[in-house]
Amino acid sequence: MIPMAGLPEYDPETGRMTTGHEWDGIKELNTPLPVWWVWVFYACIVWAIGYVILFPAIPLGETNTPGLLGWHSRSVLDTQVEAANQRYHQEKVARLAALDITAVLADPDLREYARRAGAVIFKENCAPCHQAGGAGTYGFPTLADDEWLWGGTPEAIQTTILHGIRDSENYPDTRFNAMPAFTYLSPEDQEAVADYVLASSSGTLPEGRGKEVFSENCALCHASAGEGPVPDGNQMLGGPALNNAIWLYRGDREAILSQIRQPQNSVMPGWATRLKESDIKAVAVYVHDLGGGR
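Keep in mind that this is a model prediction, so the values were computed, not measured.

Enquirer: Explain the domain arrangement of the protein residue by residue, including any values.
Expert: As a measure of interface size, the accessible area lost when the parts come together is often cited. Parsing the protein into structural domains produces domain 1 (10–65), domain 2 (86–174 + 269–291) and domain 3 (187–261). The C-alpha centroid of domain 3 is placed 30 Å from the C-alpha centroid of domain 2. Of the residues lining the interface, 11 residues belong to domain 2; the matching set on domain 3 comes to 13 residues. Together, the buried faces of domain 2 and domain 3 total about 890 Å²; carbon and sulfur atoms form 62% of this surface. Among the residues domain 2 hides against domain 3, the three largest losses belong to Tyr-138, Leu-149 and Trp-150. Together they make up 55% of the total. Inspection of the region where domain 2 meets domain 3 yields zero salt bridges. Where domain 2 meets domain 3, there are two residue pairs in polar contact (both at pLDDT 80 or more). Residues of the side of domain 2 that touches domain 3, tallied by class, amount to six nonpolar, three polar and two charged.

Given below as structure tokens:
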């Protein structure tokens, strides 16, 4: 119902003036707000203006007004986090940095702390390549199985994290190998050895030209039966096993041929200058405990 508008008038029943609005004969009184309410309202306005002046308040695109006090909730959080770190973690971090990784693994409490801390560091730094939980993907090895190119012992994992793979530009002690392009082989020999590798991945070692080419050109790094860096092979060569279904660059015939003719040699950066010593040990413990560490 649209109100009827009229002139304000005196209401004898209440002794107050009306607003001039009327709904179905019901007139609206012009009742003043309580004085205390009005003063609280004014105080809130003054407080809001003071807040805008003193604290960060007004958004300005990607930033905001800083406020005269320069206060920010993030600085308070940083202070609280730092206090918590010192209170709860300082002693464990110091022990983690001082002990070698074998001693860390021998201490159940410190090992559990390192594993939990390593999980966080891994997610922030390693998961973009190795995926969550070390599941791996095309071009980036799985860290949760028993296949280790450079060794799955805690010390070997720590060394790999410290110096990286083929990161000789930054780390002279980096793990290094490089599969050459076997362009000097005839196309027929390339296809023969590709077929041999594909067959060996299924558990068979067929006789013929492929086996001969493999023995003459590939066995030095991948071992005589393609078993790779197992106890009988040379771990420091970093040649992957070829006698199983675990592939870094896919395992179909075309992918194997491509790796023979134009191999991919990916690079893992070293982390010695990027992470603290305690963080590197924590990540090594976490990776070792994913399930495939030796």
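Enquirer: Now, about the UniProt feature "transmembrane region" (unreviewed entry) in the protein: what can you tell me, with residues and values included?
Expert: Sites flagged by UniProt as "transmembrane region" (unreviewed entry) map to residues 36–58. What you have in residues 36–58 is 83% helix and 0% strand, and the ends, taken at the C-alpha atoms, are 30 Å apart.

Enquirer: Explain the side chain of Arg-175 residue by residue, including any values.
Expert: Mapped onto the elements, Arg-175 comes out in the loop between helix 6 (154–163) and helix 7 (187–200). Glu-155 provides the closest opposite charge to the buried, unpaired Arg-175, separated from it by 9.2 Å. A polar contact of 3.2 Å, which involves the side chain of Arg-175, links it to the side chain of Thr-160. In this structure, Arg-175 is in contact with Trp-150, Ala-156, Thr-159, Thr-160, Gly-164, Ile-165, Arg-166 and Met-236, ignoring residues within four places of it in sequence.

Enquirer: Tell me about the nonpolar core, residues and numbers included.
Expert: In this structure, Phe-122, Ile-161, Val-283 and Val-287 are the most contacted members of the largest nonpolar core, which totals 25 residues. Every element with two or more residues in this core is listed here: helix 3 (101–106), helix 4 (108–125), helix 6 and helix 11 (277–288). In terms of residue count, the dominant contributor to this core is helix 11 (seven residues). When sequence neighbours within four positions are dropped, the list of residues in contact with Ile-161 reads Met-268, Gly-270, Trp-271, Ala-272, Ile-280, Val-283 and Ala-284. Listed in part, the 14 residues of the second largest apolar core include Ala-194, Tyr-196, Leu-242 and Ile-256.

Enquirer: I'd love a proper account of the environment of Ala-127, names of residues and values included.
Expert: Among the structural elements, Ala-127 can be located in helix 5 (residues 127–130). Residue Ala-127 is classed as buried on the basis of its relative accessible area of 16%. Beyond its immediate chain neighbours, meaning those up to four positions away, Ala-127 contacts Phe-122 and Ala-132.

Enquirer: I'd love a proper account of the state of the cysteines, names of residues and values included.
Expert: This model, assessed by the stated rule, comprises zero disulfides. The thiol sulfur of Cys-126 is not disulfide-bonded, and the nearest other cysteine sulfur, from Cys-129, lies at 8.5 Å.

Enquirer: Run through the pattern of salt bridges, naming residues and quoting values.
Expert: The full count for this structure, using the stated rule, is 14 salt bridges. A salt bridge links Asp-289 to Arg-111, with the nearest nitrogen and oxygen atoms 2.7 Å apart. On the criterion of sequence distance, the pair formed by Asp-289 in the segment after helix 11 and Arg-111 in helix 4 is long-range, its members being 178 residues apart. For Asp-289, a relative accessible area of 27% gives the class partly exposed. Judged by its relative accessible area of 28%, Arg-111 falls in the partly exposed class. Between Glu-207 and Lys-211 there is a salt bridge, with the nearest N and O atoms lying 3.1 Å from each other. Beyond isolated ion pairs, a larger network of salt bridges with shared partners links Glu-91, Arg-95 and Asp-107.

Basis of the calculations
Residues numbered from 1 in each chain as written. Predicted model: local features only at pLDDT ≥ 70, side-chain atom pairs only at ≥ 80, totals over all residues. Heavy atoms only, no water. Domains from an automatic or database assignment. Contact = heavy atoms within 4.5 Å. Buried area = accessible area lost by both parts, 1.4 Å probe. Salt bridge = Lys/Arg side-chain N within 4 Å of Asp/Glu carboxyl O. Polar contact = N/O pair within 3.5 Å; in protein donor to acceptor, adjacent residues only side chain to side chain. Nonpolar A, V, L, I, M, F, W, Y, C, P; charged D, E, K, R; others polar. UniProt positions renumbered as here; feature names shortened; annotations may be inferred. Helix = DSSP H or I, 4+ residues; strand = E, 2+ residues; numbered from the N terminus. Buried < 20%, exposed > 50% of the residue type's maximum accessible area, 1.4 Å probe, protein only. Lys, Arg positive; Asp, Glu negative; His and termini not counted. Core = buried A, V, L, I, M, F, W, Y, C linked by side-chain atoms within 4.5 Å. Disulfide = S-S within 2.5 Å.

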